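One-letter residues, chain by chain:
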Amino acid sequence: MNTLLRKVQRGAALLLLALLPGTLLPSLVFASSHMDAPLITLDPAANTTDVYAFVDQDNGQKFLTVALGVYPFEEPGIGPNKYNFDDNVLYQIHVATGRDVAAGRATFSYQLRFKTTFKNKNTILQSYLGVIQNVGDAGQNLVQTYTVTKLDNRNGRKTLLGSGIVPPNNQGNATPYYNQGDNGENPAKDGVATEAELDRYTKESIAQLGNGYTAFAGQRDDGFYSDIQAVFDLASLRNPGKDSQGGFNLHLMALEIPVRELGGDQQLVGVYATTSRRSVRVLDDRRDDDKKENKNNGPFVQVARQGNPLFNEGLVAIADKDVYSRTSPTQDNQLFRKYAETPELAALLNAAVQTNRTDIAGIYIPDLIKVDLSTTGVRFAGGGAGNPMNPDDPGYSRLSIFGGDVLRSNIQDPFHNGGFIPGGWPNGRRFGDDVLDIAVTALVSDLRDPDHLIIHSPIGDNVDKNDMAFSKVFPYESTPQNARNHQHP
Amino acid sequence: MTEGMGQKIVMGKKHIITNFVNLRIALAPAALALLGFTGWSVAKLRPGSKASVAIAGSRTTTPCALALAPTPGNEGIDGEIARLQQQAKRASDPSRALEQLGWLFVKKARLSYDAGYYKLAEQCAACMETKQANSAEALLLRGHVLDSLHRFAEAEKLARELVARRGLPFDFGLLGDTLMEQGRVRDAAAAYQKMVDLRPDLQSYTRAAHVRWLTGDLKGAIELMRLAATAGSPRDPESAAWAYTRLALYELQAGEITRALAASDAALSFQTDYAAALLVCGRTLMAQGKATEAVEILKRAASLNPLPEYQWHLADALRATGNVAAAQLIEDEILQRGAVNDPRTLALYLGTRGEQPEMALRLAEEELRLRQDVFTHDALAWSLAALGRIPEASGQMKLALAEGTKDARLYFHAGVIANRLGQKHEARKWCKDAAGIAQMLLPSERTELRRQLAKL
């Protein structure tokens, strides 16, 4: 066992003892943002898992693709009825541009609101009335539609970009076209390399909105991968590790934003997401006349926030995790800089540099995923370098810059190397980025001085890929796991 | 009906209960002896309580040793309890594990209907305080245990301290819970408003819905309880089941039978064999006149949670099917155990049947010393009426109706008492109001209501 690995194990063991939050599922707490802050863990429809943001090029046009996952550890076999977007939740993906990036202030907010309808309420068949041939057809009883609205926070102007329909959850025989051979008995289809190969339901649910936007909202495989169970089992890492999110689904909202909508590509933008629920009037002692005009609903109150992976989960102390959930990135510098500059995790890992970590703070404060729009499109993960039908893009590395996967920026040169910056997180975040390994490697390294970078060999949890291949086309995350043949013990 | 009502309050991962009925704790001489041994002065444990067995085996009086003593049981939650106990024993700072363990004991109490687990949760709080004085987490845990043990004034004091110190959503929730039980609805609503403004979720929505219902806004209660139900999680199935159960009751009161059954089904889909949902389901079937079907479901509910409210519904359903002998057996049990299991419901039961009125009054008066909510005033009014002390009953009835609660049993009692005072017009109004939502009454109460209306 090498020294570095022992350090990780020792550090993680201490982490286990020190950071276990009070949840009913303590062993799952440190999983990306799948179980981050105590108050949000039991509100799965509003509980964010991960945010993704990266540059994509399609037919010569450049997009910022953003995505937000909710419903951590969505068990496919638990049935289709309990996992749907919540009509009462305001889902927002925020983009900061210009000076707003450093301030942690959203310039634009993309708001997704869902509406659930049933074709037939006089039945126990809540989700499906029969085999679904096409999204929204007579076989799909529960139908969710959504709207996407762009809010310009500088002037409060709202623009309805359009609407979409949510495809059915993958139950098996009711939804055969998600599955191999279009047979509901088979496992779900893997990720694909081209749009033409997408399964029928996914293809039918990709919505072309106004102003060149594209949207998708629906169930997908959870593309986060890490051996969280081993990390929390006294850091008894194993080789190979086990993907703790393996076999689980989530609900994903993805949006392709033309960069012209953000003011062009010669800039750095910041991305984060929030979910909010409405406050309500507890005691309604208004006159009946007033009640006709005013509904119970009060203002939306933010209940969850997500930016870079692992910040609230891995760096923010238990006492402040719920504070993080309800605050804005504009307060990060004041409230959370200490956790980034002096990360407890660095000490637990026996990192050589444990204080004054301006490099870590640069990633997390404010907690926006910073994306350099001036680069070419990112390299995508597929089903691995050797996958004959859906190989990773040449040069792609799950470890981003630590694996030699870089992009060239036209607007910055942070490492004094001619403008080469990470090809994945922390320059944006792609599906497939091994964020746990990247984060731990960064913590045990010293990236503060661009002229004297000290980078230790990549270390991690021995889980190096997702259990399903990613798609290299929108919406990138793979088809949802089949409930019929996926259930965790 | 009088929603005796376990307004179960669930807080994040922390399942908090203020179950006014379910958590009434049985008294047993053997348990008292045990508690004397362990130094508890007022706690009461159900006979045969697994928690009491665990405590008896601990041979110690220190909070930490009691909290970490092995507990029996082989369900998933028991394994989790054992795991956390081991973790707490091993840890250099066991505070987090103890906190989690304490809330797990709270959950176990609710799932097992064994209130002794609350005492174990209380020991966790005490143990945490030995590790860290003035721990807010320990204070919150202790506060909820005290609230669950009907020590509302003590719990309120802790809640106020928490609100002053940090003012987190749960702190306001606890404060509101204790105030509700003490009949201070407006103050409780203010605390809940703070809670929901800080954190709109299942926990705060259920509280808001309850306030709406209690203050007579059934439509608002349904709307808010739907919000609560949709914010539930399969990871916390009992909380979701609770919200759907309450929603089922509201829908039943609104006369929406199909929706009520759908909501109770939804509750049971989250938590199989959930006694409260089975009770509502059985009541809904009774309202449909399906007594035979209802009996089977109510039998299951009463076997899971053998409290007077459950048994009373079962006994009435059995009588409705002509099975008088079986009903009498259940009624005997209500009389034998009701005084310790749920004295307020027993007082109502005795008052309705015109049996042992002095005992009914004593039980209601004792209950009023603990909590001063509208349903306890109703129980006292009904007991006084059974003794023929009608003017006093009328005074208590006014207090029971003071919040504008739209409750069939309150209306029924108000009508009877007004009639006996000679206030025919008022009596007719109340009885008609009760008849408008008669599906919420027990069959025996509906029979008496019809008799009253005929006389008026």
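The structure displayed is predicted, hence computed values, not measured ones. Along every chain, residues carry numbers that run from 1 in the direction the sequence is written. Throughout, the order in which chains and ligands are written sets their labels, letters from A for the former and numbers from 1 for the latter. Local features in this predicted model are restricted to residues of pLDDT 70 or higher, and side-chain atom pairs are both shown and tallied only at a pLDDT of 80 or more, whereas totals for entire chains, interfaces and linings draw on every residue.

1. Thoughts on the nonpolar core
Here is step 1 of the chain: In this usage, the nonpolar core is the set of buried Ala, Val, Leu, Ile, Met, Phe, Trp, Tyr and Cys residues whose C-beta atoms join them within 7 Å. Three exposure classes are used, based on other C-beta atoms lying within 10 Å of a residue's own C-beta, which is placed from the backbone: buried for 20 or more, exposed for 12 or fewer, and partly exposed in between. Core analysis: the biggest nonpolar cluster contains 150 residues, and Cys124(B) and Tyr244(B) have the highest contact counts within it.
Here is step 2 of the chain: Distance between backbone-placed C-beta atoms decides contact: two residues are in contact if it is within 7 Å. Residues in contact with Cys124(B), not counting those within four places in the same chain, are Ala67(B), Leu98(B), Leu101(B), Gly102(B), Phe105(B) and Leu141(B).

2. Overview of the environment of Gln182(B)
All names here are of chain B.
Here is step 1 of the chain: The topology assignment puts glutamine 182 in the loop between helix H9 (169–181) and helix H10 (185–198).
Here is step 2 of the chain: On the neighbour-count criterion, glutamine 182 (19 C-beta atoms within 10 Å) is partly exposed.
Here is step 3 of the chain: For the pair glutamine 182 and glutamine 372, spaced 190 residues apart in sequence, the C-alpha to C-alpha distance is 4.7 Å.
Here is step 4 of the chain: Those residues in contact with glutamine 182 that lie beyond four places of it in its chain are Phe152, Arg371 and Gln372. We count a stretch as a helix when DSSP gives it H or I for four or more residues in a row; a strand needs E for two or more, and each element gets its number in order from the N terminus.

3. Looking at helix H7 (residues 136–148) of chain B
All names here are of chain B.
Here is step 1 of the chain: With 13 residues, H7 should reach 18 Å at 1.5 Å per residue; the first-to-last C-alpha distance of 18 Å fits that figure.
Here is step 2 of the chain: Residues of H7 that are buried: Glu137, Ala138, Leu139, Leu140, Leu141, Arg142, Gly143, His144, Val145, Leu146, Asp147 and Ser148.
Here is step 3 of the chain: Just beyond H7, the residue with positive phi is histidine 150, at close to 65°. The length a helix should cover is 1.5 Å for every residue beyond the first.

4. Digging into the sheet that holds strand E2 (residues 61–74) of chain A
All names here are of chain A.
Here is step 1 of the chain: In this description, strands pair whenever DSSP reports at least two bridges between them. Spatially, E1-E2-E9-E8-E7 is the arrangement adopted by the five strands of the open sheet, whose pairing is antiparallel. The open sheet has two free edges, formed respectively by strand E1 (48–58) and strand E7 (207–208), since each of these has just one partner strand.
Here is step 2 of the chain: The sheet contact formed by E7 and strand E8 (residues 214–221) spans two bridges and is antiparallel. By the bridge assignment, glutamine 208 is partnered in E8 with threonine 214.

5. Describing unusual backbone geometry
Residue and element names in this part refer to chain A.
Here is step 1 of the chain: With an omega of -10°, the peptide bond between isoleucine 365 and proline 366 qualifies as cis.
Here is step 2 of the chain: You can see proline 366 is positioned in the loop between helix H11 (358–364) and strand E12 (369–372).
Here is step 3 of the chain: For the bond from tryptophan 425 to proline 426, the omega torsion is 15°, close enough to zero to count as cis.
Here is step 4 of the chain: Residue position: proline 426 is located in the loop between strand E14 (420–422) and helix H12 (435–444).
Here is step 5 of the chain: Of note, the phi angle at phenylalanine 73 is positive, near 50°, even though the residue is not glycine.

6. With respect to the pairing of strand E10 (residues 268–280) of chain A
Residue and element names in this part refer to chain A.
Here is step 1 of the chain: Across the 13 residues of E10, 12 count as buried, placing the element largely inside the fold.
Here is step 2 of the chain: When strand E3 (residues 89–96) meets E10, the two strands line up antiparallel, connected through eight bridges. Bridge pairing in E10 places isoleucine 93 opposite alanine 273.
Here is step 3 of the chain: With seven bridges connecting them, E10 and strand E11 (residues 297–306) associate as antiparallel partners. Residue pairing across strands places arginine 278 opposite phenylalanine 300, the latter belonging to E11.

7. Points about the environment of Arg337(B)
All names here are of chain B.
Here is step 1 of the chain: Position of arginine 337 relative to the elements: it lies in helix H18 (residues 324–341).
Here is step 2 of the chain: Assessed through the 18 C-beta atoms surrounding it within 10 Å, arginine 337 is described here as partly exposed.
Here is step 3 of the chain: Between the C-alpha atoms of arginine 337 and lysine 432, which are 95 residues apart in sequence, the distance is 34 Å.

8. Structural notes on helix H16 (residues 291–304) of chain B
Here is step 1 of the chain: The terminal C-alpha atoms of H16(B), which comprises 14 residues, lie 20 Å apart, in line with the 20 Å expected from a rise of 1.5 Å per residue.
Here is step 2 of the chain: Of the residues making up H16(B), those classed as buried are Ala291(B), Ala294(B), Val295(B), Ile297(B), Leu298(B), Ala301(B) and Ala302(B).

9. A closer look at the pairing of E3(A)
Residue and element names in this part refer to chain A.
Here is step 1 of the chain: With eight of eight residues buried, E3 lies mostly within the body of the structure.
Here is step 2 of the chain: Residues Val89, Tyr91, Ile93 and Val95 line one face of E3 and the alternating positions Leu90, Gln92, His94 and Ala96 line the opposite face, and both faces are buried.
Here is step 3 of the chain: Strand direction decides the pairing type here: E3 and strand E4 (residues 108–118), joined by five bridges, are antiparallel. Bridge pairing in E4 places valine 95 opposite phenylalanine 108.

10. Thoughts on the confidence of the model for chain A
Here is step 1 of the chain: Each residue gets a pLDDT score, which is the predictor's confidence in that residue and runs from 0 to 100. Averaged over every residue, the pLDDT of chain A is 87; residues scoring 70 or more account for 87%.
Here is step 2 of the chain: In this model residues 1–36 of chain A is a low-confidence stretch, pLDDT under 50, and it forms 92 contacts with partners more than four residues away in sequence or in other chains.

11. Focus on the packing of helix H4 (residues 76–90) of chain B against helix H5 (residues 95–112) of chain B
Residues and elements named next belong to chain B.
Here is step 1 of the chain: Whenever a helix is involved, its axis is fitted only over the stretch in contact; in every case the axis is a line through C-alpha atoms, and angles between N-to-C directions fall within 0 to 180 degrees. For the pair H4 and H5, the least separation of the axes is 9 Å and the interaxial angle reads 160°. When the axis of H4 is compared with that of H5, the two are roughly antiparallel. In this structure, H4 meets H5 at a crossing whose hand is left-handed. For the pair H4 and H5, the contacting residues are Ile77, Glu80, Ile81, Leu84, Gln85, Gln87 and Ala88 in the first and Ala97, Leu98, Gln100, Leu101, Leu104, Lys107, Lys108 and Leu111 in the second.
Here is step 2 of the chain: As a working rule, the residues Ala, Val, Leu, Ile, Met, Phe, Trp, Tyr, Cys and Pro are called nonpolar, Asp, Glu, Lys and Arg charged, and the rest polar, with Gly in that last group. Along the lines of polarity and charge, the residues of the contact of H4 with H5 split into nine nonpolar, three polar and three charged. For this classification, under 35 degrees means roughly parallel, over 145 means roughly antiparallel, 65 to 115 means roughly perpendicular, and everything else is oblique. Handedness of a crossing is defined here by the sense of rotation of the near helix relative to the far one, left-handed for an anticlockwise turn of less than a right angle and right-handed for a clockwise turn.

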